[in-house]
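# A look at the structure
Chain by chain, the residues run as shown.
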Amino acid sequence: MLVKLAKQVVDWQIRKEYLPKEERALYEYAYEALLNQVLNISIAILIALWMHAALPVFVFLVSYIPLRSYCGGYHARTHGGCTILSTLLILGVCMLEKAITEGSFIGLHYTTRDIFDMIVMMAIVFGISGSIIFRFAPVADSNKPLDEEETVHYRRQGKVLWLIETCVGLLLCIWFRRAALIVGISHLVLSIILCLGIIKQRIEK
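Counting of residues starts from 1 at the beginning of each chain's written sequence and follows it residue by residue. Local features in this predicted model are restricted to residues of pLDDT 70 or higher, and side-chain atom pairs are both shown and tallied only at a pLDDT of 80 or more, whereas totals for entire chains, interfaces and linings draw on every residue. No hydrogens and no water enter the side-chain calculation; it runs on all heavy atoms of the structure.

## Comments concerning the packing of helix H3 (residues 54-71) against helix H7 (residues 177-204)
Using the following cut-off: Here an axis means a line fitted to C-alpha atoms, over the contact stretch when the element is a helix, while the angle between two N-to-C directions is reported on a 0 to 180 degree scale. Put simply, DSSP marks the helices as runs of H or I at least four residues long and the strands as runs of E at least two long, and each gets a number from the N terminus on. For any pair of crossing helices, the crossing counts as left-handed if the nearer helix is rotated counterclockwise from the farther one by less than a right angle, and right-handed if it is rotated clockwise. We call two residues in contact whenever any of their non-hydrogen atoms come within 4.5 Å of each other. Nonpolar residues are Ala, Val, Leu, Ile, Met, Phe, Trp, Tyr, Cys and Pro. Charged residues are Asp, Glu, Lys and Arg, and all others, Gly as well, are polar.
Closest axis-to-axis distance for the H3/H7 pair is 9 Å, and the angle between their directions is 35°. Crossing handedness for the pair H3 and H7: right-handed. In this structure, H3 uses Leu-55, Pro-56, Val-59, Phe-60, Ser-63, Tyr-64, Leu-67, Arg-68 and Cys-71 to contact H7, whose residues at the interface are Arg-178, Ala-179, Ile-182, Val-183, Ser-186, His-187, Val-189, Leu-190, Ile-193 and Leu-194. The class makeup of the residues in the contact of H3 with H7 is 14 nonpolar, three polar and two charged.

## Looking at the nonpolar core
So the rule is basically this: Only buried residues count toward a nonpolar core. Its members are Ala, Val, Leu, Ile, Met, Phe, Trp, Tyr and Cys residues joined through side-chain atoms within 4.5 Å. Only protein chains enter the accessibility calculation, which uses a 1.4 Å probe. A residue is then buried if its area is under 20% of the maximum for its type, exposed if over 50%, and partly exposed in between.
Among the nonpolar cores identified, the biggest contains 38 residues, and Ile-133 and Val-189 are the most heavily contacted of them. Among the elements of the structure, helix H2 (24-50), H3, helix H4 (79-102), helix H5 (112-136), helix H6 (148-175) and H7 are those that each provide at least two residues to this core. Considering each element in turn, this core owes the most residues, eleven residues, to H7. If we skip the residues at most four places from it in the chain, Ile-133 touches Leu-67, Cys-71, Gly-158, Trp-162, Leu-190 and Leu-194.

## Structural notes on the packing of aromatic side chains
Selection rule: Two rings belonging to Phe, Tyr or Trp (six-membered ring only in the last case) form a pair when the distance between their centres is within 6.5 Å. Interplanar angles under 30 degrees mark stacking, angles over 60 mark edge-to-face geometry, and anything in between is tilted.
Following the criterion strictly, the structure yields three aromatic pairs and no others. A centroid spacing of 5.4 Å and a plane angle of 75° characterise the contact between Tyr-70 and Tyr-154, whose relative ring orientation is edge-to-face. Here the residue Tyr-70 occupies a position in helix H3, and Tyr-154 occupies one in helix H6, the gap between them amounting to 84 residues. Taking relative accessible area as the criterion, Tyr-154 reaches 24% and is therefore assigned partly exposed. Ring geometry for Phe-134 versus Trp-162: centroids 5.4 Å apart, planes at 80°, classification edge-to-face. With Phe-134 in helix H5 and Trp-162 in helix H6, this residue pair connects regions lying 28 residues apart in the sequence.

## Structural notes on unusual backbone geometry
With omega at 0°, the peptide bond leading from Ala-137 into Pro-138 counts as cis. Tracing the chain through its elements places Pro-138 in the loop between H5 and H6. The backbone of His-52 shows a phi angle near 55°, a positive value even though the residue is not glycine.

## A few points about a negative patch on the surface
Stated precisely, the cut-off is as follows: For patch detection, residues must exceed 30% relative accessible area and be free of salt bridges, and they are connected within 9 Å for like charges or within 5 Å for nonpolar side chains (Val, Leu, Ile, Met, Phe, Trp, Tyr). Shrake-Rupley sampling with a 1.4 Å probe provides the accessible areas, and residues are treated as covered by the protein chains on show and by no other component. One side-chain nitrogen of Lys or Arg within 4 Å of one carboxyl oxygen of Asp or Glu is enough to make a salt bridge. In this tally, Asp and Glu contribute negative charge and Lys and Arg positive charge; neither His nor the terminal groups of the chain are included. The atoms used to mark charge sites are NZ of Lys, CZ of Arg, CG of Asp and CD of Glu.
A surface patch of like charges, here negative, comprises Asp-147, Glu-148, Glu-149 and Glu-150. Within the fold, Glu-149 resides in helix H6. Residue Glu-149 is classed as exposed on the basis of its relative accessible area, which comes to 68%.

## Examining the pattern of salt bridges
One pass over the structure, following the stated rule, counts one salt bridge. Residues Glu-97 and Arg-178 are paired through a salt bridge, measuring 2.6 Å at the closest nitrogen-oxygen approach. Remark: Arg-178 occurs in helix H7 and Glu-97 occurs in helix H4; sequence separation between them is 81 residues. By relative accessible area, which is 27% here, Arg-178 ends up partly exposed.

Here is the structure:
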């Protein structure tokens with residue numbers, strides 16, 4: 001469906017002489033990717049409204065998407081598969097965050113002991129994600145190959161982003177524990193995606 005819509009948009013623009021005919025394939029791919037992103041964001045908004053989880057969805061997307069862009073990892077073979085995977089991830093994050101905050105594992109109180117425990121837990125989570133990112137990222141995929149220059153650039157940016165998000169996440173443990181928890185979950189999700197990408201690489205080889 002998205003492929004057909006992208007082709008129709010490009011056909012119209014070529015007929016109007018807004019785009020050169022020779023670059024049809026490039027623009028069809030670009031529009032398909034853009035439409036897929038719009039679809040994914042729309043689904044995320046619907047999930048946030050349906051589950052009353054605007055904060056978890058927003059914080060997850062803000063912390064996950066930049067790191068994902070630079071660190072790579074597993075990619076579905078089709079845009080439809082990507083949409084399904086993204087939807088499942090967001091649903092999983094919302095359910096996990098709700099289970100943790102409403103359960104006995106972690107409360108939203110701000111006693112000194114609670115804050116200390118939260119910082120220790122998040123430090124472990126960020127340590128796990130950091131060790132994977134520093135060791136393996138960026139993890140290229142057959143659907144998202146990287147050349148040598150891109151690999152060097154993405155590796156550097158991924159490390160910088162991880163450091164920034166880790167510092168923000170630890171600070172949020174003091175002032176906004178729920179947001180800190182979601183940032184930690186996003187890092188764990190990214191670590192799993194990177195590991196799946198590594199496994200996919202080895203299977204394909």
